[in-house]
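Examining the three-dimensional arrangement
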Amino acid sequence: HRWIELPGFHAINGSMRLPREWAVALGIALLTLIPGPQEARAFEWVGRLRVLAAGLEDPKESVRLDAVRALAEFPLADAREFLLKATADVNDGVRLQAARALARHREPQLVPILVEWLADIELTMRVEAVNLLGEIGNNAAVGPLIRAFGDVEHRVREAVVEALGKIGSIKAVT
């Protein structure tokens, strides 16, 4: 086992040491139990980010998903790099959760990632990409959204119309 020390957890003779995979799962479980920002201050900020970042590397998708959900509660400046990384996860649920968190902040670095998703084989990923591009509202998405209007699936085309309406670019109507 690789060992990891958990900051803020003290045993009789120092920090608690657990196998890395146990520590990550325990840390994420504890972080998801914290009810709000007031209580969250009790945990060391950097230590929490370290545990959650490690959770993004866990082989279990449920642990990675919990890590992304917890990271979504951090200020964007602290969580941006981790959430952007999570948009490349092998699991669609993890990818979507990270993208939704970034889209809430209208993160411009998410736009090229979502544009790539417009060509995803999964219908759900294409529709979500279109919806999130509309939520972000960045004019850089207009051209790719217009091209996505040629998708064979009507759900994608309907989402494109709505997303372009949200962006409101004159380019979308010309």
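Keep in mind the model is a prediction, meaning the values are calculated, not measured.

Rules used throughout
- Residues numbered from 1 in each chain as written.
- Predicted model: local features only at pLDDT ≥ 70, side-chain atom pairs only at ≥ 80, totals over all residues.
- Heavy atoms only, no water.
- Salt bridge = Lys/Arg side-chain N within 4 Å of Asp/Glu carboxyl O.
- Helix = DSSP H or I, 4+ residues; strand = E, 2+ residues; numbered from the N terminus.
- Contact = heavy atoms within 4.5 Å.
- Core = buried A, V, L, I, M, F, W, Y, C linked by side-chain atoms within 4.5 Å.
- Buried < 20%, exposed > 50% of the residue type's maximum accessible area, 1.4 Å probe, protein only.
- Polar contact = N/O pair within 3.5 Å; in protein donor to acceptor, adjacent residues only side chain to side chain.
- Axes fitted to C-alpha atoms, helices over the stretch in contact; angles between N-to-C directions.
- Parallel < 35°, antiparallel > 145°, perpendicular 65-115°, else oblique.
- Nonpolar A, V, L, I, M, F, W, Y, C, P; charged D, E, K, R; others polar.
- Expected span 1.5 Å × (residues − 1).

Another point: the pattern of salt bridges. Within this structure, the stated rule accounts for nine salt bridges. We note a salt bridge from R69 to D66, for which the minimum N-O separation is 3.7 Å. Of this pair, R69 and D66 are both found in helix α4 (residues 61-71), three residues apart, which corresponds to roughly one turn of the helix. By sharing partners, the salt bridges in this structure join D92, R95 and D120 into a single network.

Let us now look at the environment of A72. Within the element layout of this structure, A72 appears in the loop between α4 and α5 (76-86). Put simply, A72 and R104 are 32 residues apart on the chain and 9.5 Å apart in space, counted from C-alpha to C-alpha. With residues near it in sequence (within four places) discarded, A72 still touches L83, A101 and R104.

What follows is about the nonpolar core. By size, the foremost hydrophobic cluster in this structure holds 47 residues, and its most contacted members are L71, L83, L110, L114, W117, V130 and L145. When contributions to this core are tallied by element, the ones reaching two or more residues are α3 (45-55), α4, α5, α6 (92-104), α7 (111-117), α8 (123-136), α9 (142-148) and α10 (154-167). Not counting chain neighbours up to four residues away, the residues in contact with W117 comprise T87, R95, L96, A99, M125, R126 and A129.

This next bit is on the side chain of R64. Along the polypeptide, R64 turns up in helix α4. When its relative accessible area of 7% is taken as the criterion, R64 is described as buried. In terms of polar contacts, R64 uses its side chain to reach the side chain of D89, at 2.7 Å.

Right, let's talk about unusual backbone geometry for a bit. Look at R106: it is not a glycine, yet its phi comes out positive at around 55°. Here R106 lies in the loop between α6 and α7.

So, about the packing of α4 against α6. At a minimum axis separation of 9 Å, α4 and α6 run at an interaxial angle of 5°. Relative to α6, the element α4 lies roughly parallel. Contacts from E61, R64, L65, V68 and R69 in α4 reach G93, V94, Q97 and A98 in α6. Grouping the amino acids of the contact of α4 with α6 by side-chain chemistry returns four nonpolar, two polar and three charged.

Let's shift gears to the environment of L110. With respect to the helices, strands and loops of the structure, L110 is situated in the loop between α6 and α7. Under the relative-accessibility criterion, L110 is labelled buried at 0%. In this structure, the C-alpha to C-alpha distance between L110 and L133, residues 23 residues apart in sequence, is 8.6 Å. If we skip the residues at most four places from it in the chain, L110 touches L84, T87, A99, L102, A103 and I136.

With 14 residues, α8 extends 20 Å between its outermost C-alpha atoms, agreeing within 8% with the 20 Å of an ideal straight helix rising 1.5 Å per residue. Counted residue by residue, α8 has ten buried out of 14 residues, so it is predominantly covered. In this structure, the buried side of α8 is in contact with α6, α7, α9 and α10. Phi for G137, located one or two positions after α8, is positive at around 75°.

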